[in-house]
Amino acid sequence: MIFTLAFRNLFHDRVRLMVTLVGILFSIVLVAVQLGLYLGASRMITANIDHADAELWIMPFGAKSFEDGGLLMGARERHQALATPGVERVTPIVVRFSEWRKPAGGSTRVVVIGSDAEEGALLPLNLETGSWDDIKAPSAIAVDKTYLKDLGVEAIGDTAQINAGRVKITALTSGVRSFTQSPYVYMPLARGRQLVGAAGSDLATFQLVKLYPGADVEKVRNDLLNRLEGAEVLTTAEFRQRSLRQWLFRTGAGVALIGGALLGILVGTVIVAQTLYSSTKDHINEFATLRALGSSSGYIHKVILTQAGLSAVFGYVLGMLLALLVVLASQSTPLPIVMTPSLAAGLFSVTLFMCAISAISAIVKVTKIDPATVFSR
Amino acid sequence: MTHEAVLSAKDIVKELGQGAGKVMALKGVDLKLVPGELTLLMGPSGSGKTTLLSILGCILQPTSGELVVDGQSTDGLDPEELAALRREHIGFIFQSYNLFPTLSALENVRIALDVRGQKGYEAAKRSEEVLRQVGLGHRLRNFPGNLSGGEQQRVAVARAIVSSPSIVLADEPTAALDGENGNAVMELLARIAHEQQRSVLAVTHDPRTLPYADRVVRIEDGLIVGEERRPEGLDAPEITDLTKRRKAHA
């Protein structure tokens, strides 16, 4: 009967129900978009780190993120690392912001990633057209097809210039977007060094350390720290966190996204609270009758909480449908929104929590019911 | 015929309001309700009828005095304990029926069992059975908005008795009904008292209810000022007659 009463109370006033559902719906869409953007941004920021085949990253002190590794390191660190027990392989890569000069004039910033795939370091993500062999050809590079227009080119075979070097697009990646909006340009290590002004040197931005199976990551890291001077050694997870902190929190972008999500939760809570309160007020005589009939206050609280739960379920279903449409529409934009099963489940929990919190004002109202009012109607 | 009281109120005092607005609504009321008896509580407006009903129904706590319901004193009980006492022993009938407009007749009766933790098929069966007893077997699925006043009050009566309480308290049960429906409801209350051996107390202004009463208690200005009882026996005169005779004698 609790469910029946809650359901009927809710559907009794259809206009108010619509207002509630619209409130929850927009709240969910707002939270889903904000958190989906946050998740999408996080994935963009860490995509290359996650894709690299390495357990440890050696980098100069002060490296802020994958894109902003700071000063280039020499080969000494690589040799010292190779001599460390447990280390199977150490692969240098070059990552650096550079200037892309468009064929028709003008320029834009790109991130040069020089890496030798044969060394097992960092392959271009999601190669859709072309292969690593195509990228190894003279002047060859791979870029993401999403950014062709931004780069002032149209297709494979087009040429441009990075800093002072000529480059030719020979392969295309798909869905490899950059949080900084500076497209990633993949190429072999030697060409990368050449384009960032370190031609013929052993310099690198990062040394990617692959360990032997079963090696103790923490022990190897400590050994490396003892051997290396002037360099940091981070695990992949730590480097991910550092990159996320740099782009999402030091720039304020993540704070804005999380703030937007919190605002969505707040707006939803207020709307549901207002509706539940007015519904409870409208049905106050019925709750007083229940109390006079001997119901415990817990029984009445359950009716209100069930109303809140039903609002949450209906609002969530509608909100998620709209949110999925927004997610779908965002896939071709530079900042696609990500929706995962765990985010969807999390949103459902947030909605239930939001509606449960909203029920507090109604419960406080009903707690003050004087059952004697049943005689004064 | 003597019965042990199922409800006993002794020297009940109730003060309402505070400071200068304080009113003594009840000034020391003694009342006992026994099973198998329909008692009418009559008195003018403001005499304390509803306040007394609220106290007897464990909705209000008296300022002083003692109320014992089925052997249990209400002294010092908190609102939840009083609610539990109402659940166990008392059924209510209200002047405005107080039915849930979004629930059908059957559901309105079932909810009284639901708050007592009785659910499922048995509760539905019991509710249907009681609605048939009050003559509403054909109106089970109807919502209050589709029922006449008399039918709504009969649903309220069914709700009050579905859990087999020892005490049924009714607040002006015929006030919103026409003569025919009022009589039907009073007949029902008398049957509940006599056939099911419950103690029924009805607060009323309505003189049409007198023929159904076993006892009439009169309250004025917060005090019980008189009590009349129908003499036992099949040909016993109704209380209305006694009242007329008393007035004539006076």
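Treat the numbers as computed from the prediction; the structure is a model and nothing was measured.

Chemist: Now, about the overall build of chain B: what can you tell me, with residues and values included?
Modeler: In terms of helices and strands, chain B carries seven helices and 10 strands. Against the globule reference of 18 Å for 250 residues, chain B gives a C-alpha radius of gyration of 18 Å, in line with a compact fold. Each of the three principal axes of chain B carries a C-alpha extent, and together these read 50 × 45 × 35 Å. Out of the 250 residues in chain B, the part that is buried amounts to 55%. Across chain B, every contact between residues at least 6 apart in sequence was considered, and the portion connecting residues at least 24 apart equals 69%. Only carbon and sulfur atoms are counted for the fraction: they give 48% of the accessible area of chain B, which is about 10,800 Å². If the 29 positive side-chain charges of chain B are averaged to one point and the 34 negative ones to another, these points end up 3 Å apart.

Chemist: Before we move on, can you summarise the interface of chain A and chain B with the specific residues and values?
Modeler: Taken together, the contacts link 23 residues of chain A with 28 residues of chain B. Of all residues in chain A, A:Met1, A:Leu293 and A:Phe375 bury the most surface against chain B, accounting for 34% of the area lost on that side. Counting across the chain A and chain B interface gives two salt bridges. The closest approach of N and O atoms between B:Glu107 and A:Arg8, which form a salt bridge, is 2.6 Å. Scanning the region where chain A abuts chain B turns up nine residue pairs in polar contact (both at pLDDT 80 or more). Among the elements of the structure, α1 (2-12), α9 (284-292) and α10 (297-330) of chain A are those that each provide at least two residues to the side of chain A that touches chain B. When grouped by side-chain class, the residues that make up the side of chain A that touches chain B number 11 nonpolar, eight polar and four charged.

Chemist: Mind laying out the environment of A:Gly346, listing which residues take part and the relevant values?
Modeler: If you trace the backbone, A:Gly346 turns up in helix α11 (residues 341-367). The sequence separation of A:Gly346 and A:Ala32 amounts to 314 residues, and the corresponding C-alpha distance is 9.8 Å.

Chemist: Residue-level account of the nonpolar core, with values.
Modeler: Within the largest apolar cluster, 82 residues are counted, with the highest numbers of intra-cluster contacts made by A:Leu290, B:Leu56, B:Leu67 and B:Leu169. Tallying contributions element by element places α10(A) first for this core, with 11 residues. With residues near it in sequence (within four places) discarded, B:Leu67 still touches B:Leu7, B:Ser8, B:Ala9, B:Ile12, B:Ile55, B:Leu56, B:Cys58, B:Gln72, B:Ser73 and B:Thr74. Counting residues in hydrophobic clusters, the runner-up holds 41 residues, among them B:Leu38, B:Leu140, B:Met186 and B:Leu189.

Chemist: So, the packing of aromatic side chains: which residues are in play, and what are the values?
Modeler: Residue and element names in this part refer to chain A. Considering all chains together, one arrives at 13 aromatic pairs over all chains under this definition. On the basis of an interplanar angle of 25° and a centroid distance of 4.4 Å, the ring pair of Phe7 and Phe11 is categorised as stacked. A residue pair is termed a helical-turn pair when its members lie 3 or 4 positions apart in one helix, as Phe7 and Phe11 do in helix α1 at four residues. Classification of Phe7 by relative accessible area gives partly exposed; the value is 30%. Exposure remark for Phe11: the relative accessible area of 24% places this residue in the partly exposed category. Three or more aromatic residues joined by ring pairs form one cluster here, namely Trp57, Phe66, Tyr184, Tyr186, Phe206 and Phe239.

Definitions and cut-offs
Residues numbered from 1 in each chain as written. Chains lettered and ligands numbered in written order. Predicted model: local features only at pLDDT ≥ 70, side-chain atom pairs only at ≥ 80, totals over all residues. Heavy atoms only, no water. Helix = DSSP H or I, 4+ residues; strand = E, 2+ residues; numbered from the N terminus. Rg over C-alpha atoms; globule rule 2.2 N^0.38 Å. Buried < 20%, exposed > 50% of the residue type's maximum accessible area, 1.4 Å probe, protein only. Contact = heavy atoms within 4.5 Å. Areas by Shrake-Rupley, 256 points an atom, 1.4 Å probe, with all protein chains shown as cover. Lys, Arg positive; Asp, Glu negative; His and termini not counted. Charge placed at Lys NZ, Arg CZ, Asp CG, Glu CD. Buried area = accessible area lost by both parts, 1.4 Å probe. Salt bridge = Lys/Arg side-chain N within 4 Å of Asp/Glu carboxyl O. Polar contact = N/O pair within 3.5 Å; in protein donor to acceptor, adjacent residues only side chain to side chain. Nonpolar A, V, L, I, M, F, W, Y, C, P; charged D, E, K, R; others polar. Core = buried A, V, L, I, M, F, W, Y, C linked by side-chain atoms within 4.5 Å. Phe/Tyr/Trp six-rings, centres within 6.5 Å; stacked < 30°, edge-to-face > 60°.

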